[in-house]
Amino acid sequence: MGRPPTRPKKLRDGFYIEIRNKDAKTGIKIRRDSKKEMLSAVKEYKKTKEVIVLGEYKDGKPVDA
């Protein structure tokens, strides 16, 4: 077995949200192609999870609005 990677992965182009369980330190990032799809996912997950909107990413970096 080798060492696990230490460098964070580059994010693909799209809109990202982070989903966490209540009171958890880490979560999972979910990508959507459009802002409308991202907002609908936020609405769906907000019922049971803690949601953080990360915004739009291009070339692995966040896009300023």
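Residues numbered from 1 in each chain as written. Predicted model: local features only at pLDDT ≥ 70, side-chain atom pairs only at ≥ 80, totals over all residues. Heavy atoms only, no water.

Draft legend 1. The arrangement of the side chain of Glu18 in detail. By secondary structure assignment, the location of Glu18 is in strand E1 (residues 14-20). Judged by its relative accessible area of 13%, Glu18 falls in the buried class. A distance of 3.4 Å separates a polar atom in the side chain of Glu18 from a polar atom in the side chain of Arg20. Reaching out from Glu18, the side chain makes a polar contact with the backbone nitrogen of Gly27 at a distance of 3.5 Å. (Helix = DSSP H or I, 4+ residues; strand = E, 2+ residues; numbered from the N terminus. Buried < 20%, exposed > 50% of the residue type's maximum accessible area, 1.4 Å probe, protein only. Polar contact = N/O pair within 3.5 Å; in protein donor to acceptor, adjacent residues only side chain to side chain.)

Draft legend 2. Quick peek at the nonpolar core. With eight residues, the main nonpolar core is built from Phe15, Ile17, Ile19, Ile30, Met38, Ala41, Val42 and Val51. Elements represented by at least two residues in this core include exactly E1 and helix H1 (35-45). The residues touching Ile30, leaving out its near neighbours within four places in the chain, are Phe15, Tyr16, Ile17, Ile19 and Tyr45. (Core = buried A, V, L, I, M, F, W, Y, C linked by side-chain atoms within 4.5 Å. Contact = heavy atoms within 4.5 Å.)

Any functional reading would require information that these geometric values do not contain.
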